[in-house]
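# An overview of the molecular structure
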Amino acid sequence: MNIQIKNLYKSFGANRVLDYINLEIRSGEMFFLLGPSGCGKTTLLRSIAGFVDPDAGEILFDGKSVAKVPAYDRNTALVFQNYAVWPHLNVFENVAYGLRVRKVANDELQRRVHTALKQVGMESYAERKPATLSGGQLQRTSLARAIVVEPDVLLFDEPLSNLDAKLRLEIRAEIKRLHGELKRTSIYVTHDQHEALTMADRVAVMHSGHVQQIGTPREIYEQPANSFVASFIGEINLFNANSPLAPLLKTNANSEKFGFRPEKVELSGHGIPAKVIDNAFLGASSELLLETANGEKIKCHCNSPVANGEQVHFTVRTEHILHFEQ
Amino acid sequence: MKKLLPLFIALFFIVFLAYPLGSLLAGAFVIKGEFSLRYFYLVFDNPFYSRCFANSTLIAVWSTLLALAISLPLAWLFNRCEFPAKTLLNSLLLLPLILPPFVGAIGLRQFFTRYGTLNLLLEKSGLVDLANPPDWLASGGFYGIIVLQALHLYPILFLSVQAAMANLDPALREAAANLGARGWRIFRTVTLPLALPGIFSGTTIVFIAAFTDLGVPLMFGFQSTVPSQIFNMVVQPDNPMGYALVVLTLLLVSLLFLLGKKLGSGNYAMTMRSGSQALTAKLGKLPALMATAAVLLLIAISVIPHIGVVLQSVSARWFMTALPTEWSGQFYREVFNLDATTLSVKNSLFYSICSMSLDLVLGLAIAYLLTREKFRGKALLDTVSMLPLALPGLVLAFAYYVTFSRHGSWLAFLDPRENPVFLLVIAYAMHRLPYIVRAAYAGFQQVSVSLEEASTNLGARPLRTFCKISLPLIAANLVAGSILTFSFAMLDVSNSLILAQEDRSYPITKAIYSLMGRITPTAPNVACALGVLALLLLALSLYLASKLMGQKMGQLFKS
């Protein structure tokens, strides 16, 4: 199903959480809403689910406005951050709930619940009560509960943020695989850029109620629309146009700011001289902080051991320098 | 439905809270259409009423001090030390709070009269001369009332002080210890100041309860207290003195309540909480046993009055001896044979079930609105639904009686002189409403909103979500709250004594009161038997409620 967001506006008091948002989510894609906390991404997701009434604007499901459709009739399925698995029902009943609401006949219900549980690797836990499950198992249950009703849209509200690092990777792969199999329109809210970069078909980066940029992960990483997107997705060395570095790097655009990613900095025998002032060993490589004679600080990556205080030279290719208006 | 519910709730509070309190105030302040304070001058001009006021104040002050003396060390002991059977004792300490002192008063008298158990025991050990025995219940039972009130009310203080202490981040004490402070200094400079708000709010509640209690002075026949006089004046609707006394009580209560709120406002508990666990000192074997024994002794002393009631209910002969000399079950048979008693049990059951159902509906609706909906007047609803907790039973019962017994009112069907059933049910319900609101509120708060949203999201309509998700998740709380409202209604004193004015409609407590006033020699024993039956019922329902609520039970009684 295709979803259009038109001029959506919502404020809580003086706080404009959604400031005239326009978006289109294509049928079958995995669409990400990415942004820091308080940027409005969860409010947008909850508006789509029908839990938040927007003050102005429209949400269209396949071209039809859902303004008058109550949350229980929208046929979306939300996967919650805190799982929201009902503690008084066992895993099977949790997953079967949506089907019972839809008055699905018993044999079909049995079959579909078991298929869904199998899809998330929970078939042996059907009779267990939620209190006996781990966080990962709870989120798998929640996932099964969402996919079993074959919703028009799957909504994910930071589903991995309550899990530990290892489980996060596991469930992330699971969701990606399921999306590949089911090809259901999915909207996924997160503040974790890695999730967005690895899983998304397209990403909308949000900040203080505005959409900053929409694009594929590669587009938003390599051609960030502004300095916010550039610094929120990955790391960047950011400078004002009047920085003494500008002539040295031969940037000639008339933009307000320019910058470059740490991994684009090349350490070589020639180029701009700088001193290593900090040095963090990351395992596969080291992250260095360089300081030029003018006092500009630059982050870069380096594979060979370098000591603090050592003099180095660096260059950045012109095509790797990004220019921003703000 | 969604629109009707708030309207129904608002109507309930307007008709049964705002209107009676309004007419009470009008009756006390408005003379011939003009505002006047004349009735209040009359109260203080009259030496008898001044004495009543002094008596009630003294009873309240001494009861509160005594309760403080008991509960402060107790709370400290429970917070800091480990000793055998601590958890069991902790729940047993609720017992005195729950046992109605009204019934206990009968038992206390038997032990402490001139030729009662205490003096007879003391005589045996040569401490007392029976020719001229000391009168423990001198001045018409003044001291007896204080002792009963303190023994009844100290658990309230214990609960609030214990909670205030337990909620303090142990790291605060550790920080003091780390900087070199020791036991008493830490207590004086950190623990006590931070626990003071809890102590203050508990203290005001105890003071107000002791000041306004009607049952105990009545059972002791102590006439010169404010509650006794108010009780006497209910049936004289034209006597403005009743209004003045009730409004004075109301003013005093409001003043204390505001004071308690102000002093208790600096609630530091839980502001920040480190991960550190409270360290309790493991007492040595002997001190630990002594602690257990001391708490047990305290509980035993607290229930002495009720033991007296039990003894009297089975004693065929108890005269000039420490304990009864002949035993009999005849009084229980009489309870079941006498019209007055069987009818009162039936009445009480009926009233209590009705008021419990009303409370359940109202409490559930209010708690739902407070936790799940946004609307104007939410803060007001919150305050109003907790108000009956602060309002002494005496005040509201009096207001009900005088308001609804007025001639020609459109609410004439509620006239207690015609048929007190409606009004009794509503009075019971109004009084216990806060308990069930709290229980349901706590339930809704524990149930994350996203559990309900998940159901809505999967296509369930609001009613289905409510029945399939919300209700099952808070069922334990609701049942516990209902049991409490039921059992408290069974043993309600002020409303029962004031509103039930003819024999046919007497509930249990009023029947006990009227039996005590009869001259037939066995009447007190039958009253005791009836009291014991009521206690058993209460014990059973509280046991069930605590099974359901677990550790959270104490929270329902907190201020």
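Computed from a predicted structure; not experimentally measured.

### Comments concerning the overall build of chain A
- Along chain A, the regular secondary structure elements total nine helices and 18 strands.
- Looking at chain A as a whole, 50% of its 326 residues qualify as buried.
- A separation of at least 24 residues holds for 66% of the contacts in chain A among residues at least 6 apart in sequence.
- When the accessible area of chain A is evaluated, it comes to approximately 14,800 Å², of which 48% is carbon and sulfur surface.

### With respect to the domain arrangement of chain B
Residues and elements named next belong to chain B.
- Domain annotation for chain B reports domain 1 (52-230 + 257-320) and domain 2 (329-559).
- Tallying the contact residues gives 31 residues for domain 1 and 30 residues for domain 2.
- Interface of domain 1 and domain 2: buried area, both sides summed, is about 2,600 Å²; carbon and sulfur atoms make up 84% of it.
- If you sort the residues of domain 1 by the area they bury against domain 2, Ile98, Phe102 and Ser313 come out on top, with a joint share of 22%.
- Summed over the shared surface of domain 1 and domain 2, the number is three residue pairs in polar contact (both at pLDDT 80 or more).
- When contributions to the side of domain 1 that touches domain 2 are tallied by element, the ones reaching two or more residues are helix H5 (95-98), helix H6 (101-112), helix H8 (138-166), helix H10 (183-212), helix H11 (215-220), helix H12 (226-233) and helix H14 (285-314).
- In terms of residue count, the dominant contributor to the side of domain 1 that touches domain 2 is H14 (six residues).

### With respect to H6 of chain B
Residue and element names in this part refer to chain B.
- Relative to the 16 Å expected for 12 residues at 1.5 Å per residue, H6 spans 15 Å between its end C-alpha atoms, a close match to the ideal helical length.
- Within H6, nine of the 12 residues are buried, which leaves it mostly tucked inside the rest of the structure.
- Among all positions in H6, only Pro101, Phe102, Val103, Gly104, Ala105, Ile106, Gly107, Leu108 and Phe111 are buried.

### Considerations on the domain arrangement of chain A
Residues and elements named next belong to chain A.
- Domain assignment breaks chain A into domain 1 (3-231) and domain 2 (237-324).
- On the side of domain 2, six residues touch domain 1, which itself brings eight residues to the contact.
- On the domain 1 side of the contact with domain 2, Tyr221, Ser227 and Ala230 bury the most area, a combined 69% of that side's loss.
- Along the contact surface separating domain 1 from domain 2 lie zero salt bridges.
- For the pair domain 1 and domain 2, the number of links is three residue pairs in polar contact (both at pLDDT 80 or more).
- Counting residues per element, the ones that place at least two in the side of domain 1 that touches domain 2 are helix H7 (217-222) and helix H8 (227-232).
- Examining the composition of the side of domain 1 that touches domain 2, we find that three residues originate from one element, H7, more than from any other.
- Looking at the side of domain 1 that touches domain 2 residue by residue, the class counts come to five nonpolar, two polar and one charged.

### Points about the sheet that holds strand S5 (residues 64-65) of chain A
Residue and element names in this part refer to chain A.
- Across the sheet, four strands lie side by side as S2-S1-S4-S5; this open sheet has antiparallel pairing. Whereas interior strands pair on both sides, the edge strands pair on one side only; in this sheet they are strand S2 (15-25) and S5.
- Both strand S1 (residues 3-12) and S2 contribute to a ladder of eight bridges, which runs antiparallel. Residue pairing across strands places Gln4 opposite Glu24, the latter belonging to S2.

### Some remarks on helix H1 (residues 41-49) of chain A
Residue and element names in this part refer to chain A.
- With respect to burial, H1 is a largely interior element, seven of its nine residues being buried.
- Within the span of H1, buried status applies to Lys41, Thr43, Leu44, Leu45, Ser47, Ile48 and Ala49.
- In the segment just after H1, Gly50 is the residue with positive phi, at about 100°.

### Details of the packing of helix H2 (residues 91-101) of chain A against helix H3 (residues 106-119) of chain A
Residues and elements named next belong to chain A.
- The N-to-C vectors of H2 and H3 enclose an angle of 125°; their axes lie 10 Å apart at closest approach. Taken together, the axes of H2 and H3 lie oblique to each other. Seen from above, H2 lies across H3 with right-handed handedness. On H3, the residues touching Val91, Phe92, Val95, Ala96, Leu99 and Arg100 of H2 are Leu109, Gln110, Arg112, Val113, His114, Ala116 and Leu117.
- Residue composition of the contact of H2 with H3, by class: nine nonpolar, two polar and two charged.

### Looking at the nonpolar core
- Within the largest apolar cluster, 151 residues are counted, with the highest numbers of intra-cluster contacts made by Phe13, Phe16, Leu24, Leu93, Tyr400 and Ile512 of chain B.
- Two domains each provide a minimum of three residues to this core, namely domain 1 (52-230 + 257-320) and domain 2 (329-559) of chain B.
- With near-sequence residues (within four places) excluded, Tyr400 of chain B lies in contact with Phe16, Pro20, Ser405, Leu423, Ile426, Ala427, Met430 and Leu499 of chain B.
- Within the second largest apolar cluster, 91 residues are counted, among which are Met122, Ala126 and Leu154 of chain A together with Val447 of chain B.

### With respect to the sheet that holds strand S18 (residues 322-324) of chain A
Residues and elements named next belong to chain A.
- Taken together, three strands build an open sheet; the order of strands is S11-S12-S18 and the sheet is antiparallel. Since the sheet does not close on itself, it has two edges, and those belong to strand S11 (237-240) and S18, each with one partner. Strand-to-strand, the axes of this sheet are offset by a mean angle of 25°, without reference to chain direction.
- As defined by bridge partners, strand S12 (residues 257-260) adjoins S18 across three bridges and the pair is classed as antiparallel. Each residue of the ladder has a partner; that of Lys257, found in S18, is Phe324.

### Here we look at a nonpolar patch on the surface
Residue and element names in this part refer to chain B.
- Together, Leu196, Phe200, Leu259 and Leu263 make up a nonpolar patch on the protein surface, roughly 310 Å² of accessible area in all.
- Mapped onto the nonpolar patch, the elements with two or more residues apiece are H10 and helix H13 (240-263).
- Locating Phe200 in the fold gives a position in helix H10.
- Phe200 gets classed as partly exposed once you look at its relative accessible area, which sits at 30%.

Here is what the cut-offs are and how they apply
Residues numbered from 1 in each chain as written. Chains lettered and ligands numbered in written order. Predicted model: local features only at pLDDT ≥ 70, side-chain atom pairs only at ≥ 80, totals over all residues. Heavy atoms only, no water. Helix = DSSP H or I, 4+ residues; strand = E, 2+ residues; numbered from the N terminus. Buried < 20%, exposed > 50% of the residue type's maximum accessible area, 1.4 Å probe, protein only. Contact = heavy atoms within 4.5 Å. Areas by Shrake-Rupley, 256 points an atom, 1.4 Å probe, with all protein chains shown as cover. Domains from an automatic or database assignment. Buried area = accessible area lost by both parts, 1.4 Å probe. Polar contact = N/O pair within 3.5 Å; in protein donor to acceptor, adjacent residues only side chain to side chain. Expected span 1.5 Å × (residues − 1). Salt bridge = Lys/Arg side-chain N within 4 Å of Asp/Glu carboxyl O. Nonpolar A, V, L, I, M, F, W, Y, C, P; charged D, E, K, R; others polar. Pairing = 2+ DSSP bridges. Axes fitted to C-alpha atoms, helices over the stretch in contact; angles between N-to-C directions. Parallel < 35°, antiparallel > 145°, perpendicular 65-115°, else oblique. Left-handed = near helix turned anticlockwise from the far one by under 90°. Core = buried A, V, L, I, M, F, W, Y, C linked by side-chain atoms within 4.5 Å. Patch = residues over 30% accessible without salt bridge, like charges linked within 9 Å, V, L, I, M, F, W, Y side chains within 5 Å.

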